[in-house]
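Architecture at a glance
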Amino acid sequence: MLTLSQVNKRYPTGDHALVGIDLTLPPGQVMALIGPSGAGKSTLIRCVNRLVEPTSGSIRLEDTELTRLSGGNLRRARRSMGMIFQEYALVERLTVMENVLSGRLGYVGFWRSFLRRYAQADITEAFRLLERVGLSHAIDKRADALSGGQRQRVGIARALIQQPNVLLVDEPTASLDPKTSRLIMRLIRELCNERKLAAIINIHDVALAQQFADRIVGLRAGKIVFDGTPQELDAQALTTIYGEEEWDSQLNGEVDVELDVEVNGEAKERQTAGQQVSRPLSFTPGEAI
Ligand SMILES: Nc1ncnc2c1ncn2[C@@H]1O[C@H](COP(=O)(O)OP(=O)(O)OP(=O)(O)O)[C@@H](O)[C@H]1O
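To keep things clear, this report deals only with the structure shown in the data block. (Residues numbered from 1 in each chain as written. Predicted model: local features only at pLDDT ≥ 70, side-chain atom pairs only at ≥ 80, totals over all residues.)

The next point concerns the overall build of the chain. On a plain count of helices and strands, the chain comes out with 11 helices and 12 strands. Per-residue burial for the chain yields a buried fraction of 35% across its 289 residues. Summarising the internal contacts of the chain: among those between residues at least 6 apart in sequence, 66% fall at separations of at least 24. (Helix = DSSP H or I, 4+ residues; strand = E, 2+ residues; numbered from the N terminus. Buried ≥ 20, exposed ≤ 12 C-beta atoms within 10 Å, placed from the backbone. Contact = placed C-beta atoms within 7 Å.)

In structure tokens form, the structure reads like this:
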């Protein structure tokens, strides 16, 4: 169980990025964190693993108060939080297998870590995870030879080999095409189910959040303004989170597509075509407004 109580973050610049955040994440729950650019989503995730220092408040993971930890205790606590990043954060010149095994570095002693010597059990687990994420054919490939979707699969396997209690996922699909984005979100969802693993996923794509999360939390200007199920995220809730927009037409799956049609290679005519799309519609409010 992860519990945030009255968490505030004020950056030295004066930006009040988080304002009195109260949030409890039960075991096994997959929570999507949505909200406009600058709402504080990344700050919230980074306060949990202390990449960003909260200004005040309490963050507890199981029985451990994370905000008071330092040194070795903080390192040990971080092992129980798997991070998956938008930019993958792989070591480019290392192979897929080596990148996954690097998730174990927090567990091995200094010399083993320095020499990158891993226990046989870790290597066996890395093979198993790579098979699970569909990369068993690519274990010897260098990270810089992988596609975006493959890189994110490596990032997922590396986070899981830590045996975390919670996954902190920061815009996992931001650099991926729509189909790969869905595959990655489905994979994260399935792995959380299989391992009864809780996750906070910072994501801009509302449709993906609705499809793959158990719960959606909406942030606006550092405050929680929505906390509910994917079904409860209606046009009114989206307006509260993102501001006025024609959410109903988007949620009902009808969009007007304006087409620029070239006639004889020269004159341009503007046409509007009503297009029916099946739910959930993939739209990204951060980009749309
Ligand atoms: N290192 C920093 N120093 C100063 N201000 C910061 C820093 N990081 C973030 N902020 C500010 O804190 C607020 C929240 O930013 P944050 O990146 O957490 O939002 P976000 O919801 O993740 O945005 P996005 O969706 O664009 O990534 C913004 O006003 C931002 O300018």
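Judged from the six bridges that link them, strand 1 (residues 2-10) and strand 2 (residues 16-25) form a sheet pairing that is antiparallel. Looking across to strand 2, one finds that L4 is bridged to L23. In this structure, the hairpin formed by strand 1 and strand 2 is closed by a connection of five residues, where G14 is found at a positive phi of approximately 105°. (Pairing = 2+ DSSP bridges.)

Attention shifts here to the sheet that holds strand 10 (residues 223-228). Read from one edge to the other, the open sheet built from six strands follows the order 6-7-8-3-9-10, with strand pairing classed as mixed. Strands with a single pairing partner mark the edges of an open sheet, and in this sheet they are strand 6 (81-85) and strand 10. Each adjacent strand pair in this sheet contributes to an overall mean axis angle of 20°, direction not counted. Strand direction decides the pairing type here: strand 3 (residues 30-34) and strand 8 (residues 198-202), joined by four bridges, are parallel. Paired with V30 across the two strands is A199, which belongs to strand 8. The strands touched by helix 9 (residues 235-242) within the sheet are strand 3, strand 9 (215-220) and strand 10, with strand 10 carrying the most contacts at an inclination of about 160°. (Axes fitted to C-alpha atoms, helices over the stretch in contact; angles between N-to-C directions.)

Near the ligand you find 13 residues, and of these Y11, A17, S37, S42 and T43 are the closest. With three residues, helix 1 (residues 41-48) is the largest single contributor of residues to the shell around the ligand. Of the residues contributing to the shell around the ligand, the split by class is three nonpolar, eight polar and two charged. (Near = placed C-beta within 6 Å. Nonpolar A, V, L, I, M, F, W, Y, C, P; charged D, E, K, R; others polar.)

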